[in-house]
Amino acid sequence: MPELPEVETVARGLRAVLPGRRIVDVRLGKTDFMDNPAEIGSRVPGSLVRAVRRHGKFLVLDLEHDGARPGKELLVVHLGMTGQLRVVPADAEIAPHTHAFFSLDDSRELRFRDPRRFGRMLVAAPAEEEKILGPLGADPTEVGEEEFGRRITSRRARIKALLLDQTVFRGMGNIYTDESLWRAKIHPARLGANLKPAEVARLYRAVRSILAEAIRLGGSSISDFVGSNGEPGEFQIRHRAYDREGKKCSRCGTKIRRMIVAGRSSYFCPHCQRAPRSTRKA
DNA sequence: CGTTGAACCTGTTTGC
DNA sequence: TGCAAACAGGTTCAAC
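Here the structure is a predicted model, which is why all the values come from computation and not from measurement.

### Here we look at the protein's contact with DNA strand B
Right, on to step 1. Neighbouring residues of DNA strand B: Lys-30, His-97, Pro-115, Arg-116, Arg-117, Phe-118, Arg-155, Arg-156, Ala-157 and Arg-158.
Right, on to step 2. At a separation of 2.6 Å, a phosphate oxygen of DNA strand B approaches a polar side-chain atom of His-97.
Right, on to step 3. Taken together, the residues of the surface near DNA strand B break down into three nonpolar, one polar and six charged.

Set out below in structure tokens:
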């Protein structure tokens, strides 16, 4: 669920409360989704949170130790499918599947909850950042139109696969990919290299406007997404394609269809988004 | 290069 | 009603 707008929502929420706070204690539950749980337990306590950043779907907390053993650390978190990061009073009830507790110096706690444990968490030295986040592609909210087009038209993979590929663009997931393709009137099975300039231009505008609006509305809450303050997002009410199989396209009235593209459920309007010859009929 | 399917794990929805 | 299958915002890896 957490795609770029949801992770951005969490990042903004954490940014409002964490910088300047000290993490005084760390307690861990299940740790099978952590790269180095023992290191998290030993290297995070005592650190000061300097900044909160988002890189694609990754969240990065810049930590700094002062005193006896000064140094910087990065706490890297990926929310996977069902991950949540929330700041709550230290005595708040513990929700099921809460696997990490970071006690703060203001009687509150940063908690990580993840029922499916598809998330990821690790602590790393700043020098390791490039190795971890370097492979990620361009941020779709910052990329220029020219580079956006180049990354698409230079490839013969399906546009859906390209938008989902985190080494092409970082942050898009199944929801925003379908919403963007619907708005741009492009079928998910089209090949990147076959998109015409006008289509690339439409897609560029669609991606950027969809992501911007989703961020503005705090992301999409399909079943359980909440921001760091526990508030759900509201963009799901604006969905025009995702999870709308059988419902009418809001542009033309044709029923939205679902098909598997790039291994993922893909929702599209068969009238507005014409299929390429390769997949037509069947 | 590009595609497909399975795996990771738990919870919810759907179908018979 | 009840149980099993299908499905879910993500990523990664093997096989073709």
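On we go.
### A word on the side chain of Asp-139
Right, on to step 1. Assignment of secondary structure puts Asp-139 in the loop between α3 (129–133) and α4 (145–153).
Right, on to step 2. One polar contact links Asp-139 to Thr-141, side chain to side chain, over a distance of 2.6 Å.
Right, on to step 3. Ignoring any residue separated from it by four or fewer positions in sequence, one finds Asp-139 in contact with Leu-4, Arg-54 and Arg-170.

### Details of the packing of α4 against helix α7 (residues 197–216)
If you want to describe how two helices pack, look at the angle between their axes and the distance between the axes.
Right, on to step 1. Contact geometry of α4 with α7 gives a least axis separation of 10 Å together with a crossing angle of 115 degrees. Considering how the two elements wind past one another, α4 and α7 form a crossing that is right-handed. Of the residues in α7, those in contact with Glu-145, Phe-148, Gly-149, Ile-152 and Thr-153 of α4 are Val-200, Ala-201, Leu-203, Tyr-204 and Val-207.
Right, on to step 2. For the contact of α4 with α7, the per-class residue count stands at seven nonpolar, two polar and one charged.

### Some points on the packing of aromatic side chains
Right, on to step 1. On inspection of all chains with the given rule, the structure shows five aromatic pairs.
Right, on to step 2. Plain terms: the ring middles of Tyr-176 and Phe-235 are 5.8 Å apart, the flat faces sit at 35 degrees to each other, and that makes the pair tilted. Pair noted here: Tyr-176 is in helix α6 (residues 174–184) and Phe-235 is in the loop between α7 and β9 (257–261), with a separation of 59 residues, a long-range link. By the burial criterion, Tyr-176 is buried, and Phe-235 matches it.
Right, on to step 3. Pairing Tyr-242 with Tyr-267 gives two aromatic rings, centres 5.5 Å apart and planes at 70 degrees, and the pair type is edge-to-face. One end of the pair, Tyr-242, is in the loop between α7 and β9; the other, Tyr-267, is in strand β10 (residues 264–268), and 25 residues separate them in sequence. This pair shows no difference in class: Tyr-242 is buried, exactly as Tyr-267 is.
Right, on to step 4. Note that Arg-251 overlies the ring of Trp-182, its terminal NZ or CZ placed 3.7 Å from the centroid.

### Looking at the environment of Gly-192
Right, on to step 1. Relative to the elements of secondary structure, Gly-192 occurs in the loop between α6 and α7.
Right, on to step 2. Residue classification places Gly-192 among the buried positions, given a relative accessible area of 0%.
Right, on to step 3. Expressed as a C-alpha distance, the spacing of Gly-192 and Arg-158, which sit 34 residues apart in the sequence, is 5.8 Å.
Right, on to step 4. Residues in contact with Gly-192, not counting those within four places in the same chain, are Ile-152, Thr-153, Arg-155, Ala-157, Ile-159 and Leu-162.

Parameters and conventions
Residues numbered from 1 in each chain as written. Chains lettered and ligands numbered in written order. Predicted model: local features only at pLDDT ≥ 70, side-chain atom pairs only at ≥ 80, totals over all residues. Heavy atoms only, no water. Near = heavy atom within 4 Å. Polar contact = N/O pair within 3.5 Å; in protein donor to acceptor, adjacent residues only side chain to side chain. Nonpolar A, V, L, I, M, F, W, Y, C, P; charged D, E, K, R; others polar. Helix = DSSP H or I, 4+ residues; strand = E, 2+ residues; numbered from the N terminus. Contact = heavy atoms within 4.5 Å. Axes fitted to C-alpha atoms, helices over the stretch in contact; angles between N-to-C directions. Left-handed = near helix turned anticlockwise from the far one by under 90°. Phe/Tyr/Trp six-rings, centres within 6.5 Å; stacked < 30°, edge-to-face > 60°. Buried < 20%, exposed > 50% of the residue type's maximum accessible area, 1.4 Å probe, protein only. Lys NZ or Arg CZ within 6 Å of the ring centre and 35° of its normal.

Function-wise, these values are silent; they only describe arrangement.
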